[in-house]
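# Close look at the chain arrangement
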Amino acid sequence: MRTLCPRCNSESEELDKTTLEIAKRKVRVSLRQCPKCKLLFQEGL
């Protein structure tokens, strides 16, 4: 799956997958980083 950076629209790299607990609900997310602008962001799976 190709995911684009929200800041510069270049292709991002997946660093890890984890589960966050938000308001007693568990949400699976992918931690991603853009190699061009170095932005770290999470994306829901």
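### Description of the overall build of the protein
Each helix and strand in the protein was counted, giving zero helices and three strands. In the protein, the order of α-helices and β-strands from amino to carboxyl end is β-β-β. Seen through its principal axes, the protein has C-alpha atoms that stretch 35 × 15 × 15 Å. Here the protein holds 45 residues, and 24% of them are scored as buried. In the protein, of all internal contacts separated by at least 6 residues, the share reaching a separation of at least 24 is 30%. In the form shown here, the protein has an accessible surface area of approximately 3,700 Å², with 48% of it arising from carbon and sulfur atoms. Side chains of the protein carry 10 positive and 6 negative charges; the gap between the two charge centres is 4 Å.

About the thresholds
Residues numbered from 1 in each chain as written. Predicted model: local features only at pLDDT ≥ 70, side-chain atom pairs only at ≥ 80, totals over all residues. Heavy atoms only, no water. Helix = DSSP H or I, 4+ residues; strand = E, 2+ residues; numbered from the N terminus. Buried < 20%, exposed > 50% of the residue type's maximum accessible area, 1.4 Å probe, protein only. Contact = heavy atoms within 4.5 Å. Areas by Shrake-Rupley, 256 points an atom, 1.4 Å probe, with all protein chains shown as cover. Lys, Arg positive; Asp, Glu negative; His and termini not counted. Charge placed at Lys NZ, Arg CZ, Asp CG, Glu CD.

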